[in-house]
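Per-entry structural report
Residue strings, one per chain:
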Amino acid sequence: MTTAPMTTNLLEISDLSVTMPGRDSGSVKVLEGFDLTIARGEAVGLVGESGCGKTTTLLSILGLLPRGARVESGAITFDGVDLLRCTRRQLRTILGRRIGVIWQDPLAALDPVMRVGDQIAEVIRAHDDVGRGRAMQRAKELMRQVEMPDVEQLARRYPHELSGGQRQRVVIAAAIAASPELLLCDEPTTALDVTVQDQVLGLLGRLREELGVALVLVSHDLAVVGEMCDRVSIMYSGRIVEQGSTDAVFERPRHHYSVGLLASSPDIDRVGVRPDGIPGLPPGSVSESSCAFADRCGSADERCRSELPVLGRLGDRLVACHHPAVVRESVNG
């Protein structure tokens, strides 16, 4: 286990590159030169279209990349420990105990033939030397903490007997069972209706405040990220193209993909106005020598098609664009 000096950042990802199996026994690069830092107690959103590398980033942190996928380069450092150089046994002392995960589909994340109270208790016993009875008592306390009613009854039920919102609360209870310092949230409200989604987001916000836990939130929903996150990283084709405070990026986007992404989101203040959308489709792999967004960007020129833009400081944020968008008060203004 490689240990680095103590830093103010809880998580640091530097120059991460990941490949996946491709056709004809080849490989496809899905993340390239990826950098991300998470401070203690901070909430950071990862936003982008499907296939841009958001979930791959989380799986890389957890050491759960699918068969055939490879981390080609980079480091993932959690509180001074490089997770990429840990053994499986060393990882188990960190994952679950210090890093919790909330998956997109709670039904798939839970064991269908095990009562939900027992599943939460099992997480507790995996990380603490407690008996079965004490673990179950603690599991019920956690179920109350995530605002579940009738805990004595619900703890004895199986996942299929619960509603979607109740299942997600069970997943959250299991994720915080060992009092982690970081929660990785992969589209945690996608499978829920709007009312339950709002309740779960409120719960996550309260837990963050009470427990001081940091969040990495992967989401397609810009409104969710805007509500929950201090900073946002906009991803496109395996790279971060814009990064900064959520308010600054959402109100004054500088990368043309960020502009298009925000313009394609429905706005309740513009009733009857159809979102613009982004023409074309994202590429299937990381571009090594040009801007991956060039073919979909109305401001692209020959430089964009022949020279890879580097993520660099631009005022109050980082942007990877040769011709940044003009600042304006609001993308809908």
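The structure we're discussing is the one just above.
So, here is what we can say about the structure in this document.

Here is what the cut-offs are and how they apply
- Residues numbered from 1 in each chain as written.
- Predicted model: local features only at pLDDT ≥ 70, side-chain atom pairs only at ≥ 80, totals over all residues.
- Heavy atoms only, no water.
- Phe/Tyr/Trp six-rings, centres within 6.5 Å; stacked < 30°, edge-to-face > 60°.
- Helix = DSSP H or I, 4+ residues; strand = E, 2+ residues; numbered from the N terminus.
- Buried < 20%, exposed > 50% of the residue type's maximum accessible area, 1.4 Å probe, protein only.
- Expected span 1.5 Å × (residues − 1).
- Arc of directions from axis to C-beta.
- Contact = heavy atoms within 4.5 Å.

Summed over the entire model, instances satisfying the criterion amount to three aromatic pairs. Relative to Phe293, the ring of Tyr236 has its centre 5.2 Å away and its plane inclined at 80 degrees; by these criteria the two rings are edge-to-face. Separated by 57 residues along the polypeptide, Tyr236 in strand β9 (residues 231-236) and Phe293 in the loop between α11 (256-263) and α12 (302-306) bring together distant segments of the chain. As far as burial versus exposure is concerned, Tyr236 and Phe293 are alike and both buried. Considering the side-chain rings of Tyr257 and Phe293, the 5.4 Å spacing of their centres and the 70 degrees angle between planes classify their relative orientation as edge-to-face. Highlighted residues: Tyr257 in helix α11 and Phe293 in the loop between α11 and α12, separated in sequence by 36 residues. For the pair Tyr257 and Phe293, one class covers both residues: buried. Site record: aromatic cluster; members linked through ring pairs are Tyr236, Tyr257 and Phe293.

Let us look at helix α8 (residues 194-211). The periodicity of an α-helix, 3.6 residues per turn, causes residues three or four positions apart to be oriented the same way. With 18 residues, α8 extends 25 Å from end C-alpha to end C-alpha; this agrees with the ideal 26 Å at 1.5 Å per step. Turning to α8, its buried residues number three or more, namely Val196, Gln197, Val200, Leu201, Leu203, Leu204, Leu207 and Arg208. Along the axis of α8, the buried positions cluster into a sector of 155 degrees, meaning they face one direction only. Every exposed residue of α8 that faces more than 90 degrees away from the buried side is listed here: Val194, Thr195 and Glu209. Looking at the buried positions of α8, the neighbouring elements they touch are β3 (43-47), β6 (99-102), α5 (132-145), α7 (164-175), β8 (214-219) and α9 (222-228).

The next subject is α5. Over its 14 residues, α5 extends 20 Å from the first C-alpha to the last, a length consistent with the 20 Å expected when each residue adds 1.5 Å. Of the residues making up α5, those classed as buried are Ala135, Met136, Ala139, Lys140, Leu142 and Met143. Buried residues along α5 cover an arc of 155 degrees about the axis, so they all sit on one side. On the buried face of α5, the contacting elements are α4 (116-127), α6 (151-154) and α7. Of the residues trailing α5, Glu147 is marked for its positive phi of about 65 degrees.

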